[in-house]
2 protein chains.
Amino acid sequence: MSDVIRVGIAGLGTVGRGVVRVLEKNRDLLARRTGKQIELVAVSARSRNFDRGINLDAYRWYDDCRDLAEADDIDLVVELIGGSEGVSRELVERALANGKHVVTANKALIAHHGYDLAKRAEETGAQLRFEAAVAGGIPIIKGVAEGLCANVCEEVYGILNGTCNYILTEMEKTGREFDSVLFDAQRLGYAEADPSFDVDGIDSAHKIAILASICFGTRVDFNSVVVTGIRRIAPVDIEYAGELGYRVKLLGTATMVDGALDQRVEPFMVDTNYSLAGVEDAYNAVVFRGDFVEDSFFEGRGAGEGPTASSVIADIIDVGRGNVTPPFGVPTQYLLDAPAASRDELVAAFYVRFHVADEPGVLASISESMRDSHISIESLIQHGDADDGRTYVVLTTHETQEGRLRAALARMEKLETMVDPPVFIRIAAVSEENN
Amino acid sequence: MSDVIRVGIAGLGTVGRGVVRVLEKNRDLLARRTGKQIELVAVSARSRNFDRGINLDAYRWYDDCRDLAEADDIDLVVELIGGSEGVSRELVERALANGKHVVTANKALIAHHGYDLAKRAEETGAQLRFEAAVAGGIPIIKGVAEGLCANVCEEVYGILNGTCNYILTEMEKTGREFDSVLFDAQRLGYAEADPSFDVDGIDSAHKIAILASICFGTRVDFNSVVVTGIRRIAPVDIEYAGELGYRVKLLGTATMVDGALDQRVEPFMVDTNYSLAGVEDAYNAVVFRGDFVEDSFFEGRGAGEGPTASSVIADIIDVGRGNVTPPFGVPTQYLLDAPAASRDELVAAFYVRFHVADEPGVLASISESMRDSHISIESLIQHGDADDGRTYVVLTTHETQEGRLRAALARMEKLETMVDPPVFIRIAAVSEENN
């Protein structure tokens, strides 16, 4: 490679603007660290006439971002458009086919097509990098693919979506309902107009699928992630969580169970003494547990102009330096095609909340149903009497199979005294040594 | 490089044994990740006849570790002997001179001679890597040299010594004196027979000097680190800290002040809401604050066989993959020779503890002395009366120059009512967005 690395950027939203700003502000520093100049040559976005607060006059403009993949004077394409299909995918595929390096923040694209794209990159010797796709400013892809690569990964999990974590933190601080907090978050720009990708867990699922692939050496497999979002979390759950010494967090988790890959996104009860419980607002955090390193914990901003741009630029510098770790840590030929673990066989302790008619015998019938399903109760709480003739009963179980609990709750849902379907939340197993 | 990387290990203590174990247990995984076999060829240690719990028969033995630097069939030397001088230094110098890559966990060596060794490595094209030298299993060198390298570093700081953090955590949990906790820590093997390197802050100073060099692009400058250990911390300080919403932590910190490098190791009062305050026992943690990424937080095991070996092996894999980030993030020609910041000009808020005769007017004389020194008091605590006619007065100041506070305390030390010299502890400035 020459002493210049020539860059084209597709997408000039928040992150694209941040990347331009870092390249301009830290120009000399980046050149020293890279060992060559990083020269922004061209940019592309949907609309040219839009005030982004940055001056783009010095850069060639393309109306069609795919032209970046064909330009002879571009070595590296930065894809910041988003979406798993359409022009972003075409751009990345063509750029790699033409031997151009690609740096992207596009988690959907990598979660759906990461394996094929990595193969394409291998064929032409181009680099494919996506540090910004997971946990924004936290250098977690590098952390697991390089920093912790001596280990057999035992588990990787974390808070991967800032919007959900913000909503859960606000619900805890204010005691308000999910819908009301979401509405405010949308007004403040912390949540999208269509919040589904975030609050239903899809965004976290993209990210855990990418992490799982690197950590376990498996082909990225988004479709087998079991996903539950946070819409069913009620203030009462957060209140009881506090009483039991937990905080409710939406976690993405991945682990191998007898050669099968267990990937999930779901709300968890996290012990308040555990580092993850202290991660508030829009922060992200990831825990990697390895056979030698034990637990390694990373926390930082999960989104935003500066943090995400930081990760995009780190990738560009890596390419410029000539660092050559494969996108998923090993050449694609070694990536395993692991089966998905059965959801029902997972063994864990659970929190269960019942909304029931406040009648004599309700507690007994819940206890009996659990006993009949061979689920052992660890604790059970019912507070006072409600005005409306309904009340909450909350219990925590000892370890049990998730399938058994689901079946029990499905039966109990039909009880006459049950006002709403029961809600259950897994309790995060905290390793002894966590603090 | 061929498809094998041939390794020699010097030093078979805890970490050396861990490295052998990882290489044996995860052999195939490491080969896939590295893209070549990592083959342990030879080992060296002080005594051959010592049961280390591992079988070394398959490896060539050297009585003199320096022979590893001359062996034609060794590509990479792992130096785990320790010490900034003597055979470890000779081994590393000779290995690099002979074009052999070096991976080391030796913080003293890198803190004292890192710059010269990096130059030597450049001359022969060898790699010099020392992930394990700072914060054990936490991949923090890679984190700051690569993952966060888009940023101008504003500050880097952390809990870098597990022994001190263990002692401070135990003092808080049990209310016991420093000496008593240290004695037990020695008995349990958590502290060395000569604890000075740890409890007087030297070990942390080695580590912050290394981090500062990478983060600020300066030549590693151990001698200008201002170091204060934890021997003067009394149970009463930890108790008052709790009352004021703090925990006492020994931090290494580095920042640039008007082009001068401010490097310190000293006890801090850390807000209990801040992630660092939750780091307990022998864990380490590092915070990097950059102009774009904001705060990035890393936590994990700071020592021990498995975690430290994890970092050593990660370095070997990096070399094997052909990754080529310079040891301090930039070629040595770019490393600045920054002057040391003046200790006295630092502006911070402080906690001050006075041990005084329990007489009328003592509080007034302390308040007056502070006022006369133009130091503004934020809060002041004195609890009840002591039985022995002595009492503690504790205050926190608003921001003031450290030099001014020192001068004031030096004057007050001479007051007749003063039983012991006053103890002051800096209060960690927590950025708004930390959680």
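Residues numbered from 1 in each chain as written. Chains lettered and ligands numbered in written order. Predicted model: local features only at pLDDT ≥ 70, side-chain atom pairs only at ≥ 80, totals over all residues.

A.B. asks: Describe in detail the overall build of chain A, supporting the description with residues and values.
C.D. replies: A count of helices and strands for chain A gives 13 helices and 17 strands. Taking 22 Å as the expected radius of gyration for a compact globule of 435 residues, we find that chain A reaches 24 Å, a close match to that expectation. Reported as C-alpha extents along the three principal axes, the dimensions of chain A are approximately 80 × 45 × 35 Å. Of all 435 residues assigned to chain A, the portion counted as buried reaches 54%. The contacts of chain A with a sequence gap of at least 6 include a subset with a gap of at least 24, amounting to 76%. (Helix = DSSP H or I, 4+ residues; strand = E, 2+ residues; numbered from the N terminus. Rg over C-alpha atoms; globule rule 2.2 N^0.38 Å. Buried ≥ 20, exposed ≤ 12 C-beta atoms within 10 Å, placed from the backbone. Contact = placed C-beta atoms within 7 Å.)

A.B. asks: Before we move on, could you go through the relation of the copies chain B and chain A and cite the residues and values that matter?
C.D. replies: Once chain B has been moved 0.0 Å along the axis and rotated by 180°, it coincides with chain A to within an RMSD of 0.0 Å. These values place the two chain copies in the arrangement generated by a two-fold rotation axis. Same-surface contact between copies: 100% of interface residues of chain B are shared with the interface of chain A. (Least-squares fit on C-alpha atoms with pLDDT ≥ 70 in both.)

A.B. asks: Explain the packing of helix H2 (residues 27–34) of chain A against helix H11 (residues 305–321) of chain A residue by residue, including any values.
C.D. replies: Residue and element names in this part refer to chain A. Relative to each other, H2 and H11 sit at 40°, their axes nearing to 9 Å. As the angle between them shows, H2 and H11 are arranged oblique. Residues Leu-30, Arg-33 and Thr-34 of H2 form the contact with H11, whose own contacting residues are Ile-313, Ile-317, Gly-320 and Arg-321. Grouping the amino acids of the contact of H2 with H11 by side-chain chemistry returns three nonpolar, two polar and two charged. (Axes fitted to C-alpha atoms, helices over the stretch in contact; angles between N-to-C directions. Parallel < 35°, antiparallel > 145°, perpendicular 65-115°, else oblique. Nonpolar A, V, L, I, M, F, W, Y, C, P; charged D, E, K, R; others polar.)

A.B. asks: Residue-level account of the interface of chain B and chain A, with values.
C.D. replies: Residue-level contacts link 53 residues of chain B with 53 residues of chain A. For the side of chain B that touches chain A, the secondary structure elements donating two or more residues are helix H1 (14–25), helix H2 (27–34), helix H5 (140–147), strand S11 (283–290), strand S12 (294–301) and helix H11 (305–321) of chain B. Partitioned by chemical class, the residues of the side of chain B that touches chain A number 23 nonpolar, 18 polar and twelve charged.

A.B. asks: Got a sec to walk through the sheet that holds strand S4 (residues 76–79) of chain A? Specific residues and values, please.
C.D. replies: Residue and element names in this part refer to chain A. As summarised here, the arrangement of the six strands in space is S3-S2-S1-S4-S5-S6, forming an open sheet in which the pairing is parallel. If you trace the sheet from one side to the other, it starts and ends with strand S3 (60–62) and strand S6 (128–129), each paired once. In this sheet, S3 lies alongside strand S2 (residues 37–44) in parallel orientation, the contact comprising three bridges. Of the residues in S3, the one forming a bridge with Val-43 is Trp-61. (Pairing = 2+ DSSP bridges.)

A.B. asks: Tell me about the pairing of strand S9 (residues 246–257) of chain B, and please be specific about residues and values.
C.D. replies: All names here are of chain B. Most of S9 sits inside the fold, with eleven of its twelve residues counted as buried. Looking at chain direction, strand S7 (residues 153–159) and S9 are connected through four bridges and run antiparallel. Within the sheet, the bridge partner assigned to Tyr-157 lies in S9 and is Thr-253. Bridging between S9 and strand S10 (residues 260–271) involves twelve bridges; their strand directions are antiparallel. Paired with Arg-247 across the two strands is Val-270, which belongs to S10. Taken together, S9 and the strand that follows it, S10, pair antiparallel across an intervening segment of two residues, in which Asp-258 is found at a positive phi of about 50°.

A.B. asks: Break down the sheet that holds strand S6 (residues 128–129) of chain B for me, citing the residues and quoting the values.
C.D. replies: Spatially, S3-S2-S1-S4-S5-S6 (chain B) is the arrangement adopted by the six strands of the open sheet, whose pairing is parallel. In this open sheet, the two edge strands, each paired with only one partner strand, are strand S3 (60–62) and S6 of chain B.

A.B. asks: Would you mind going over helix H9 (residues 202–216) of chain A in detail, with residue names and values included?
C.D. replies: Structurally, the α-helix is built with 3.6 residues per turn, so residues lying three or four positions apart point the same way. All names here are of chain A. Compared with the 21 Å implied by 1.5 Å per residue over 15 residues, the 21 Å span of H9 between its first and last C-alpha is a close match. Of all 15 residues making up H9, 15 are buried, and the element is well covered by its neighbours. Count one or two residues on from H9 and you reach Gly-217, which has phi positive near 65°. (Expected span 1.5 Å × (residues − 1).)

A.B. asks: Summarise helix H7 (residues 178–187) of chain B; cite the residues concerned and give the values.
C.D. replies: Residues and elements named next belong to chain B. Every buried residue of H7 is accounted for by Val-181, Leu-182 and Ala-185. The buried residues of H7 occupy one face: seen down the axis, they fall within an arc of 100°. Opposite its buried face, H7 presents the exposed residues Asp-179 and Arg-187, each directed more than 90 degrees away. Summarising the contacts, the buried residues of H7 are in contact with helix H6 (162–174) and helix H8 (196–199). Looking one or two places after H7, you find Gly-189, whose phi comes out positive at around 85°. (Arc of directions from axis to C-beta.)

A.B. asks: Describe the pairing of strand S11 (residues 283–290) of chain A, naming the residues involved and giving the relevant values.
C.D. replies: All names here are of chain A. Counting buried positions over the eight residues of S11 gives eight, a clear majority of the element. Looking at chain direction, S11 and strand S12 (residues 294–301) are connected through eight bridges and run antiparallel. Paired with Ala-285 across the two strands is Glu-299, which belongs to S12. Where S11 folds back onto S12 in an antiparallel hairpin, the turn is made up of three residues.

A.B. asks: Account for unusual backbone geometry, naming residues and giving values.
C.D. replies: In the Ramachandran plot, Glu-294 of chain A falls in the positive-phi region, its phi being about 65° despite a non-glycine side chain. On the secondary structure map, Glu-294 of chain A appears in strand S12. One non-glycine residue with positive phi stands out, namely His-374 of chain B, at about 60°. Looking at the element boundaries, His-374 of chain B is found in the loop between helix H12 (362–372) and strand S14 (377–382). For His-374 of chain B, a count of 10 C-beta atoms within 10 Å puts it in the exposed group.

A.B. asks: So, the domain arrangement of chain A: which residues are in play, and what are the values?
C.D. replies: In terms of domains, chain A is made up of domain 1 (4–133), domain 2 (149–299) and domain 3 (347–427). A separation of 51 Å is found between the C-alpha centroids of domain 1 of chain A and domain 3 of chain A. (Domains from an automatic or database assignment.)

A.B. asks: An account of the environment of Gly-8 of chain A is requested, with residue identities and associated values reported.
C.D. replies: All names here are of chain A. Take Gly-8: it is sitting in strand S1 (residues 4–10). You can call Gly-8 buried: it has 27 C-beta atoms within 10 Å. It is 30 Å that separates the C-alpha atoms of Gly-8 and Asp-194, two residues lying 186 residues apart in sequence. If sequence neighbours within four positions are ignored, Gly-8 has contacts with Val-41, Ala-42, Val-43, Leu-68, Ala-71, Ile-74, Val-77 and Val-78.

A.B. asks: Can you tell me about the packing of helix H4 (residues 107–124) of chain A against H9 of chain A, naming the residues and giving the values?
C.D. replies: When two helices pack together, you describe them by how their axes are tilted relative to each other and by the distance separating the axes. Residues and elements named next belong to chain A. At a minimum axis distance of 9 Å, the contact between H4 and H9 shows a crossing angle of 50°. The orientation of H4 relative to H9 falls into the category oblique. Our pair here, H4 against H9, has a crossing hand that is left-handed. Two secondary-structure elements touch here, H4 through Lys-107, Ala-108, Ile-110, Ala-111 and Gly-114 and H9 through Asp-203, His-206, Lys-207, Ala-209, Ile-210 and Ser-213. A class-by-class count of the residues in the contact of H4 with H9 yields five nonpolar, three polar and three charged. (Left-handed = near helix turned anticlockwise from the far one by under 90°.)

A.B. asks: A description of the environment of Met-171 of chain B should follow, citing residues and the corresponding values.
C.D. replies: Residue and element names in this part refer to chain B. As for its position among the elements, Met-171 is in helix H6. Exposure remark for Met-171: the 23 C-beta atoms within 10 Å place this residue in the buried category. Residues Met-171 and Arg-52, 119 residues apart in the sequence, show an inter-C-alpha distance of 33 Å. Residues contacting Met-171, with those up to four places away along its chain left out, are Arg-176, Phe-178, Val-181, Pro-235 and Ile-238.

A.B. asks: Lay out the environment of Ser-379 of chain A with the relevant residues and their values.
C.D. replies: All names here are of chain A. Mapped onto the elements, Ser-379 comes out in strand S14 (residues 377–382). The class of Ser-379 is exposed, set by 12 C-beta atoms lying within 10 Å. Ser-379 sits 16 residues away from Leu-395 along the chain, and the two C-alpha atoms are 5.5 Å apart. Setting aside anything within four residues of it in sequence, one finds Ser-379 in contact with Leu-395 and Thr-396.

A.B. asks: Pulling in residues and values, what's your account of the confidence of the model for chain A?
C.D. replies: For chain A, per-residue confidence averages 95 on the pLDDT scale, and 98% of positions sit at 70 or higher. For this predicted complex, the interface confidence score (ipTM) comes to 0.95, while the overall pTM stands at 0.96. (pLDDT = per-residue confidence, 0-100.)

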